[in-house]
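# Fold and contact review
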Amino acid sequence: MTFDTRRKREYHDITDEVAAVAARAGIAEGMVLVSAMHITSGVWINDHEDGLIADIDVWLESLAPYRDDYRHHDTGETNGDAHLKNLLVGHQVIVPITAGRLDLGPWQRVYYAEFDGQRKKRVLLKAMGE
Amino acid sequence: MTFDTRRKREYHDITDEVAAVAARAGIAEGMVLVSAMHITSGVWINDHEDGLIADIDVWLESLAPYRDDYRHHDTGETNGDAHLKNLLVGHQVIVPITAGRLDLGPWQRVYYAEFDGQRKKRVLLKAMGE
Amino acid sequence: MTFDTRRKREYHDITDEVAAVAARAGIAEGMVLVSAMHITSGVWINDHEDGLIADIDVWLESLAPYRDDYRHHDTGETNGDAHLKNLLVGHQVIVPITAGRLDLGPWQRVYYAEFDGQRKKRVLLKAMGE
């Protein structure tokens, strides 16, 4: 699964894509691993509600802010904050599959969070089970 | 597995319940996925020590505090902080099973953390392996 | 896998060891669970770049600082901060295996983070799949 983001930070609900992979795999009992292949992205399960997404964006910036003076920037990069945001929320989740369907709670949606966009990014979706 | 919490925030050691699920599944080598089905709860592995639990509670409130003015509250909810606490600590862990038993370190205990209690909550326990 | 760290906090790239376990297991499609068996250690996937590691170390100390007055220290321990750092970054990751190799993005490396060193520590590496 590939992303081409226009902005620096973006948040995408990818639950339907995860469900499609689970259905194609024909797994009755098992799981789907949803794992960003980048170190400046996050994957989480939370609510699909625009106000909350705005709160999360502000909160992430407060705990892992953009700064000029990260040591990592001596390499020429400017995305030190994106690495820290990735560590804060994690880059992967497991979605259980039960009776052939994603076994999610009523408000649980799978999100891909881009912290250093405007580059091509990939998320690995891997179904396991029987 | 279902919780009915009396207080807003509560912390429960659920290691014995996880072990019972692993035993019932009769799995020799594999894992148990322990995953909250809510977006205002956490699941982690850490020490069963009351002082530490108190420290964690204070720490979570300092990094993801209750506030009146979260955008999410425009929906009528008041639990924005609980969503952020969930993102901070995560909502799932994998407990490995080796030789038919949970393969945990000496001080590792599985915890369910309720951040928005006084509602019925569920934790999914799913054993996989052979 | 065992660690004997000389300093209080240390960060080790263990990707090659994870790859070796996957190769020995002879798994074509599956995953390796990389899970610290301690509650004062972290495991993550991020960049192998010394400046970034220094940034992460400073950042973790700012969000989960050493303090004298943690309640946990009433037990005689002095490592309350290490427990909180563990909760912040997590203690386990799943590395997918595809076509017999670790399926990592170009900059993804598996790290073991020691937050309370100068003791013997263990990381569990468990391959699953077929």
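What you are looking at is a predicted structure, and each value in this text was computed from that prediction instead of being measured.

The transform that puts chain A on chain B rotates by 120° and translates by 0.0 Å along the axis, for an RMSD of 0.0 Å. Seen this way, the second copy is the image of the first under a three-fold rotation axis. In terms of proximity to the rotation axis, the leading residue of chain A is A:Leu88, whose C-alpha is 3.7 Å off the axis. Both copies present different contact surfaces, since only 14% of the interface residues of chain A are interface residues in chain B too.

Adjacent strands of a sheet pair through backbone hydrogen bonds, lying either parallel or antiparallel. All names here are of chain A. Strand order in this open sheet of three strands is β2-β7-β4, and the pairing throughout is antiparallel. Across the chains shown, the open sheet's two edge strands, defined by having one partner strand only, are β2 (10-13) and β4 (41-46). This sheet shows a mean twist of 25° between the axes of neighbouring strands, independent of strand direction. Sheet analysis places β2 next to strand β7 (residues 109-114), joined by four bridges and oriented antiparallel. Bridging across to β7, Asp13 finds its partner in Tyr111. The strands that helix α1 (residues 15-25) touches are β2 and β7; relative to β7, the one it contacts most, it runs at about 120°.

Contacts between the two partners involve 28 residues from chain A and, on the opposite side, 23 residues from chain B. Summed over both partners, the interface of chain A with chain B buries about 2,200 Å², with 66% contributed by carbon and sulfur atoms. Of all residues in chain A, A:Asp55, A:Trp59 and A:Ile94 give up the largest surface area on contact with chain B, accounting jointly for 26% of the area buried on that side. Notably, a salt bridge pairs B:Lys126 with A:Glu29, separated by 2.8 Å at the nearest N-O pair.

All names here are of chain C. Relative orientation of the contacting elements helix α2 (residues 50-63) and helix α3 (residues 80-89) amounts to 110°, with a least axis distance of 10 Å. Considering their axes alone, α2 and α3 lie roughly perpendicular with respect to each other. Note on packing geometry: the crossing formed by α2 with α3 is right-handed. Side by side, α2 and α3 meet where Leu60, Glu61 and Leu63 of the first sit next to Asp81, Lys85, Leu88 and Val89 of the second.

Residue and element names in this part refer to chain A. Residue placement: Ser35 occurs in strand β3 (residues 30-36). Accessibility expressed as a relative area gives 4% for Ser35, which makes it buried. Here Gln92 takes part through its side chain, which lies 2.9 Å from a polar atom of the side chain of Ser35. Excluding its chain neighbours within four sequence positions, the residues that come into contact with Ser35 are His91, Gln92, Val123 and Leu124.

It is worth spelling out helix α3 (residues 80-89) of chain B at this point. In terms of burial, α3(B) is a largely internal element, 10 of the 10 residues being buried. Where α3(B) is concerned, the buried positions are B:Gly80, B:Asp81, B:Ala82, B:His83, B:Leu84, B:Lys85, B:Asn86, B:Leu87, B:Leu88 and B:Val89. Looking at the buried positions of α3(B), the neighbouring elements they touch are β4, α2 (50-63) and α3 (80-89) of chain A, β4 (41-46) and α2 (50-63) of chain B together with α3 of chain C. B:Gly90 occupies a position one or two residues after α3(B) and carries a positive phi of about 85°.

Cut-off values and rules
- Residues numbered from 1 in each chain as written.
- Chains lettered and ligands numbered in written order.
- Predicted model: local features only at pLDDT ≥ 70, side-chain atom pairs only at ≥ 80, totals over all residues.
- Heavy atoms only, no water.
- Least-squares fit on C-alpha atoms with pLDDT ≥ 70 in both.
- Contact = heavy atoms within 4.5 Å.
- Pairing = 2+ DSSP bridges.
- Helix = DSSP H or I, 4+ residues; strand = E, 2+ residues; numbered from the N terminus.
- Axes fitted to C-alpha atoms, helices over the stretch in contact; angles between N-to-C directions.
- Buried area = accessible area lost by both parts, 1.4 Å probe.
- Salt bridge = Lys/Arg side-chain N within 4 Å of Asp/Glu carboxyl O.
- Parallel < 35°, antiparallel > 145°, perpendicular 65-115°, else oblique.
- Left-handed = near helix turned anticlockwise from the far one by under 90°.
- Buried < 20%, exposed > 50% of the residue type's maximum accessible area, 1.4 Å probe, protein only.
- Polar contact = N/O pair within 3.5 Å; in protein donor to acceptor, adjacent residues only side chain to side chain.

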